[in-house]
Structure formats: structure tokens, C-alpha cells
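# Chain and residue survey
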Amino acid sequence: INYSAQKELKRGHVRQVMENIGGLSMEILPTIGTDQTFGYRSKLTPHWQRRDKKQPVGNIGFLKNGTRHSIVDVPTCPIGTDAINEALPEARRAVRQPITASEKKILKQKGGTILLRDVVEGVVTKHDSVVTERVGDASFQFKAGDFFQNNPYILPVLVEYVSEQIKADSVRYLIDAYCGVGLFAVSLGKRFEAVAGVEVSESAVLWARVNAEINQVKNAQFISGSAEAIFADVTFPREETAMVIDPPRKGCDQVFLNQLFAFAPKRLVYVSCDPATQARDLKILVEGGYHVERIQPFDLFPQTRHIETVATLERHS
């Protein structure tokens with residue numbers, strides 16, 4: 001189907017889950033899309049499995065829909081960037097025909113995953129390589145195998161939208177929950193008096209600190225908080241504090257939500273890659289004293305069923 005119809009279908013999906021799961025009967029804003037509807041994905045991870053000794057590696061690609069082990073051969077990926085598709089044949093050949101001592105280990109493996117990440121340094125294939133991604137005016141470093149949003153074409157638009165939604169007249173402080181390597185804390189940091197990024201992964205916090213230094217964001221602190229005391233070291237006044245929430249696909253757990261209610265920031269912007277778990281959490285947030293002002297879908301994943309949604313909430317006085 002054409003791209004306009006894709007965006008409208010995804011908007012309808014968001015509306016449906018917000019009503020059925022979240023109990024929210026409200027207008028969903030039109031999906032913000034991108035001109036780069038193909039060739040946008042900057043990270044590709046094709047899988048492979050060993051078949052027998054004569055042909056150690058069979059298909060190299062992705063799981064067939066509805067199966068757990070059947071791999072469909074994917075020699076080129078239409079949504080992968082041009083650079084990734086140019087590097088893919090050599091990556092496939094290297095798996096099928098080991099040419100170095102280290103690659104010969106493949107013969108002993110039952111299966112694996114190829115990494116291709118298109119970044120400033122080029123297409124990187126080693127998980128531990130330090131790579132750089134630019135988002136707007138900011139630069140971010142992280143390990144190639146770690147999580148970072150993989151659509152660089154629309155990501156700056158999403159970040160700018162979050163920046164617009166998070167700021168209010170009385171808001172002077174920002175908390176970036178689930179901050180990862182600091183995407184929102186670093187990108188938005190200079191617009192606030194002080195910023196705190198909170199993350200349970202200590203390695204991610206280390207990279208967030210590096211990224212704050214790279215981008216000269218001097219008013220940010222990053223805390224590797226335990227799951228049971230996430231905001232224990234944050235001293236911002238709640239009435240002047242906003243929070244960005246960008247959890248994994250499973251959404252927020254109850255332990256996190258309980259601490260959020262105890263801290264009670266004035267304003268929330270909830271970024272989600274799964275509208276269903278977001279709708280579940282929004283229902284809890286509304287019951288806990290927040291009002292959903294607007295829900296904006298972003299199509300970070302054209303030609304797929306996936307959709308990113310950003311919900312803006314304000315705490316009742």
C-alpha cells in the first residue's frame with residue numbers, strides 16, 4: 001500500500017489500542033512520517049544457521065513469519081541503508097567461507113547473527129567497536145552492538161518534538177528516565193537549568209557521561225540507579241521538573257511507576273516503540289493523577305507494522 005495509507009493505518013492502530021487498552025477516547029494526531037521510506041535502517045542483524053558439514057551455513061536473513069527457526073534468505077534488504085546493502089554480500093560471503101583463523105570458529109557454531117551498523121565511521125561489523133552517530137547538532141558514541149535508534153533520518157525530528165513538548169513555563173529541570181547513552185538528556189540538556197539521566201545499566205551511564213562531555217553539556221549528571229531506588233539521588237523540585245520516559249518494548253514496570261508517583265514530576269513525555277504497552281501504562285498514569293494532553297505517532301519504521309508514539313502528560317494540581 002502507498003505510504004500515506006500506511007501512516008493512516010498506523011494512526012488507526014494507535015487509536016484502537018489507546019481506546020481498548022488505555023481507556024483513552026481522544027484524537028490521535030496524524031502520523032509524522034519521513035521522505036526516506038526505503039533505505040533508512042542504519043542497523044541490520046541477519047541471522048544464520050548451520051545445516052551440515054558440506055554446507056555449514058544455509059540461508060542468511062530473518063525468521064519466517066510465525067516460525068522460530070526457519071530463516072528466509074535475504075541477500076538485500078530494501079529498508080537497510082545503501083551502505084549496509086553494499087556491505088552485505090561480503091558479510092554473507094565471510095560467514096559462508098571462513099578466511100581467517102578467527103572466522104573458522106563459525107564452523108563449530110550452530111548459528112549466529114551478523115552485525116552491520118551504518119555510522120559516521122562507515123559500516124561497522126564488530127559489536128565492541130566504538131562508533132559515532134549524529135542526531136541534529138549532537139554526536140553520540142556507543143558500542144556498535146548496543147542499542148541506539150536505527151532511523152537517523154527521522155530521529156532529529158522526534159527529538160525536537162520531545163523538546164517542544166517537555167518544556168513548560170515553570171519547568172527548569174529535566175529527568176531522562178531509561179536514558180541509555182543519553183540521547184534526550186544530551187540533546188535537550190542546554191535548554192534546562194539542570195538535567196539528570198537515570199539508567200540501571202552502568203555501561204550505558206558511562207557512555208552517557210562521555211556523550212555529555214563530547215557535546216559540552218555541563219549541567220547534566222548521570223546516575224546508575226538501582227531498580228528499587230531510581231530517583232534517590234535526584235534532588236530537583238518536583239513542581240519545576242519534567243521527565244522523559246523512553247522504556248524498552250515491555251514498557252514501565254510497577255516498581256518504576258510507583259517511584260514516579262512518589263517523585264511526582266510536573267510534566268511527562270512518554271516515548272514508546274509499542275503503543276499497546278504504552279496504553280497500559282498511560283491508563284495507570286491517568287489513574288495516578290496525570291492528564292494525557294496529546295498522542296503523536298512517528299513512523300520510524302516505514303514498510304513495517306511498527307510505530308513509535310509520543311504521549312504528553314501533565315500532573316493535575
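Before reading on, note that the structure itself is shown above.
An account of the accompanying structure is given in this report.

Conventions we followed
- Residues numbered from 1 in each chain as written.
- Predicted model: local features only at pLDDT ≥ 70, side-chain atom pairs only at ≥ 80, totals over all residues.
- Heavy atoms only, no water.
- Pairing = 2+ DSSP bridges.
- Helix = DSSP H or I, 4+ residues; strand = E, 2+ residues; numbered from the N terminus.
- Axes fitted to C-alpha atoms, helices over the stretch in contact; angles between N-to-C directions.
- Core = buried A, V, L, I, M, F, W, Y, C linked by side-chain atoms within 4.5 Å.
- Buried < 20%, exposed > 50% of the residue type's maximum accessible area, 1.4 Å probe, protein only.
- Contact = heavy atoms within 4.5 Å.
- Salt bridge = Lys/Arg side-chain N within 4 Å of Asp/Glu carboxyl O.

## With respect to the sheet that holds strand β10 (residues 173-177)
Judged by pairing direction, the sheet is mixed, and its seven strands sit side by side in the order β12-β11-β10-β13-β14-β16-β15 without closing on themselves. A strand with exactly one partner marks an edge of an open sheet, and here the two such strands are β12 (220-223) and β15 (290-298). When strand polarity is set aside, the average angle formed by the axes of neighbouring strands in this sheet is 15 degrees. Pairing between β10 and strand β13 (residues 241-245): five bridges, direction parallel.

## Let's talk about the nonpolar core
Membership of the largest hydrophobic core comes to 56 residues, with the highest contact counts inside it found for F148, V162, I166, L174, L183, F222 and V310. Those residues in contact with I166, other than ones at most four positions away along the chain, are V171, L174, L188, F192, A242, M243, V244, R267, L268 and V269. Counting 33 residues, the second largest nonpolar core, distinct from the first, contains M18, I28, I223 and L260.

## Topic: the pattern of salt bridges
In the structure shown here, the tally under the stated rule is 14 salt bridges. Salt-bridge contacts for E314 lead to R267; the nearest nitrogen and oxygen are separated by 2.3 Å. Placement of E314 in strand β16 (residues 308-315) and of R267 in strand β14 (residues 267-272) is noted, with a sequence separation of 47 residues between them. Among the residues examined, R267 registers a relative accessible area of 8% and is labelled buried. Between D281 and R280 there is a salt bridge, with its nearest N and O atoms 3.0 Å apart. Three or more residues are tied together by salt bridges with common partners; here these are K266, R267, E293 and E314.

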